[in-house]
Amino acid sequence: MASVEVLCVADIHIGRRPSRLPDRFDPADFSPRTIWADLAESAVTQGVDAVVVAGDLVDQENRYAEAFGAVESVATRLAEAGIPLIAVAGNHDADVLPDLAEAIDNLQLLGRDGSWERTALTDVEGEPNLHVDGWSFPGRYYHENPLDAYDLADEGVPRLGVVHADVSGEDRYAPVAVDDLATSGHSAWVLGHLHVPGLRHENPPVLYPGSLQPLDPSETGGHGAWLVSVETDGTIETEPLRSATLQYKEVVVSTDPDQGFHDIVDATHEQLRETATKCGSETELLAVTVTVSGRTDADTDLRSRRGELEQIELTDGGTAVRVIDVTVDTKPSIDLAARAGDDDPVGYLAGLLRALDDDEPLDPYRDVIEAAHTSVRETHDSNAYRELKSHDETYTRPTEAETKEVLRRQARQLVDAFVEQQGVPADE
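Reading the values: the criteria
- Residues numbered from 1 in each chain as written.
- Predicted model: local features only at pLDDT ≥ 70, side-chain atom pairs only at ≥ 80, totals over all residues.
- Heavy atoms only, no water.
- Helix = DSSP H or I, 4+ residues; strand = E, 2+ residues; numbered from the N terminus.
- Buried < 20%, exposed > 50% of the residue type's maximum accessible area, 1.4 Å probe, protein only.
- Contact = heavy atoms within 4.5 Å.
- Areas by Shrake-Rupley, 256 points an atom, 1.4 Å probe, with all protein chains shown as cover.
- Expected span 1.5 Å × (residues − 1).
- Arc of directions from axis to C-beta.
- Pairing = 2+ DSSP bridges.
- Axes fitted to C-alpha atoms, helices over the stretch in contact; angles between N-to-C directions.
- Polar contact = N/O pair within 3.5 Å; in protein donor to acceptor, adjacent residues only side chain to side chain.
- Core = buried A, V, L, I, M, F, W, Y, C linked by side-chain atoms within 4.5 Å.
- Phe/Tyr/Trp six-rings, centres within 6.5 Å; stacked < 30°, edge-to-face > 60°.
- Parallel < 35°, antiparallel > 145°, perpendicular 65-115°, else oblique.
- Nonpolar A, V, L, I, M, F, W, Y, C, P; charged D, E, K, R; others polar.

Peer 1: Can you lay out the overall build of the protein for me, pointing to particular residues and giving the numbers?
Peer 2: Tallying secondary structure elements over the protein gives 12 helices and 16 strands in all. Projected onto its principal axes, the C-alpha coordinates of the protein cover approximately 90 × 45 × 40 Å. Here the protein holds 428 residues, and the buried ones make up 49% of them. Considering only contacts within the protein whose residues lie at least 6 apart along the sequence, 69% involve residues at least 24 apart. When the accessible surface of the protein is split by element, carbon and sulfur atoms take 44% of a total near 19,800 Å².

Peer 1: Describe unusual backbone geometry, naming the residues involved and giving the relevant values.
Peer 2: Here the residue pair N203 and P204 is connected by a cis peptide bond, since its omega of 5 degrees sits within 30 degrees of zero. Within the chain, D11 stands out as a residue other than glycine whose phi angle is a positive 50 degrees. Along the chain, D11 turns up in the loop between β1 (4-9) and α1 (32-46). Positive phi, close to 65 degrees, is recorded for D358, a residue that is not glycine. Among the structural elements, D358 can be located in the loop between α9 (345-356) and α10 (366-380). Residue D358 is classed as exposed on the basis of its relative accessible area, which comes to 70%.

Peer 1: I'd like a description of α10, backed by residues and values.
Peer 2: Compared with the 21 Å implied by 1.5 Å per residue over 15 residues, the 21 Å span of α10 between its first and last C-alpha is a close match. What α10 keeps buried is the set I369, A372, H373, V376 and H380. Along α10, the residues classed as buried sweep out an arc of 100 degrees about the axis, all on the same side. For α10, the exposed residues lying more than 90 degrees away from the buried face are D367 and E378.

Peer 1: Residue-level account of the sheet that holds strand β2 (residues 50-54), with values.
Peer 2: If you walk across this open sheet you meet the six strands as β4-β3-β2-β1-β11-β12, and the pairing is mixed. The open sheet is flanked by β4 (107-109) and β12 (236-240), the only strands paired with a single partner. When strand polarity is set aside, the average angle formed by the axes of neighbouring strands in this sheet is 25 degrees. The sheet contact formed by strand β11 (residues 226-230) and β12 spans five bridges and is antiparallel. Paired with V228 across the bridge in β12 is T238. Packing of α1 onto the sheet brings it into contact with β1, β2, β3 (85-88) and β11, and relative to β1 it is tilted by some 170 degrees.

Peer 1: So what's going on with the environment of R322? Residues and values would help.
Peer 2: Within the secondary structure, R322 is located in strand β16 (residues 319-332). Sequence-wise, R322 and L272 are 50 residues apart; in three dimensions their C-alpha atoms are separated by 8.9 Å. Those residues in contact with R322 that sit more than four places away from it in its chain are P22, R24, F25, L285, L286, A287, V288, I312, E313, L314 and T315. A distance of 3.2 Å separates a polar side-chain atom of R322 from the backbone oxygen of L314.

Peer 1: Describe the pairing of strand β9 (residues 198-201), listing the residues and the values that go with them.
Peer 2: Where β9 and strand β10 (residues 206-208) come together, three bridges link them in antiparallel fashion. From the neighbouring strand, H201 faces β10, where its bridge partner is V206. The hairpin formed by β9 and β10 contains four residues between the paired strands.

Peer 1: If you had to explain the nonpolar core to someone new, which residues and values would you point to?
Peer 2: W36, V51, L57, L100 and L107 are the most contacted members of the largest nonpolar core, which has 34 residues in total. Where this core is concerned, the elements lending two or more residues are β1, α1, β2, α2 (63-80), β3, α3 (97-103) and β4. Contact partners of L100, with chain neighbours within four places excluded, come to V58, Y64, A67, F68, V71 and L107.

Peer 1: Please set out the packing of aromatic side chains residue by residue, giving values where relevant.
Peer 2: In total, this model carries eight aromatic pairs according to the counting rule given. When the centroid spacing of 6.0 Å and the interplanar angle of 80 degrees are considered together, the rings of W116 and W189 count as edge-to-face. Of this pair, W116 sits in strand β5 (residues 116-122) while W189 sits in strand β8 (residues 188-192); the two residues are 73 residues apart in sequence, bridging distant segments of the chain. An identical accessibility class is assigned to W116 and W189; each is buried. An aromatic cluster of three or more residues is present, and its members are W116, Y150 and W189.

Peer 1: Before we move on, could you go through the packing of α1 against α2 and cite the residues and values that matter?
Peer 2: The geometry of α1 relative to α2 is characterised by a closest axis approach of 9 Å and an angle of 10 degrees between their N-to-C directions. For the element pair α1 / α2, the angle class is roughly parallel. Only E66, A70, V71, V74, R77 and L78 of α2 make contact with α1, whose side of the interface consists of R33, W36, A37, A40, E41, A43 and V44. Here the residues of the contact of α1 with α2 sort into nine nonpolar, no polar and four charged.

Peer 1: For the sheet that holds β10, give the residues involved together with the corresponding values.
Peer 2: Spatially, the six strands line up as an open sheet ordered β5-β6-β7-β8-β10-β9, and their pairing is mixed. Across the chains shown, the open sheet's two edge strands, defined by having one partner strand only, are β5 and β9. Neighbouring strand axes in the sheet, compared pairwise and without regard to direction, differ in orientation by 25 degrees on average. Looking at chain direction, β8 and β10 are connected through two bridges and run parallel. Bridged to W189 within β10 is V206.

This is the structure in structure tokens:
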């Protein structure tokens, strides 16, 4: 049996745009539709035997008209190279992908209406060398395990299972257990739905290719297609191709007490450049969320000049690096543990901060927390917020956890002010 190579993708969501891109970058240039078009050329160049899509090729918001041209052009390019395009429907495109498959040649949909269906990849003599078993979402939600309905026979040919399903425990999106997949007798599984790429089981491989192009800052790290190879000896190899042109990253910049604002800017530049060097050559834009943490004398300066940190940008090779958000999570450069309980304002605030961080009992500060919570809620119940509440169905009154975060920020600012005014000793 000759080896078989399958280019596997999932969760393309044609029609969506990546969120939180910096100004001067057109979201259309980094859209899943653009990366999907590039995929055809990659498949032809590598000479793969098939392209497999594990669901959510199309985003539900865009429906038939917007997706037709994008899917048809890729299907046509692959057909010209003799490469079949095989897909299953996910929860987002359950109602549109069947119609696209009816209208577009070389787009083969497996498992309509929640049934299992098989297609065969064949060698030069026409003999099957890989069976592809697929199941498609019949609607927006599916609460049963798709494997419970699996009824295809093992014909002695390696089998690749393709399904849009959830191994995380969520019961609305075809819940499956990794152990059930691993013991099904298939050579490998390719799954859609979870956007975090990676293997959930090694042997046999249970693979989530993840989103082809990341769609929001929570989808960090490298994304793209995966190559699944069924070798002549029956072993399976998987390789991430990291073809996405956009990466989101979270970077933590640690500070020292004696660092000033400019020192922290320099440290951020250094951290960003180091992060950029780890990206592949295909990454055109690295969009970074920065968290500044640690103790520093520049705590107040950092908070007031956070916007300046968001303007940091650099270019490393062919990768543009841009900061899209900054969180200042620094603490004043005093020893809160040593000062907590002192009979002065700093001592009281130090104790409150430690209590809010669960380092000391909260009971001594319960009255001030309850008073703050009442005040915050009264403010949000005032007429000033009436317009907001009338237009936002998701609006809710502040929780106690949110009040504690307000107290934490205010207490830190007060402590920092006392540090500047009274010369409170810094950490050693």
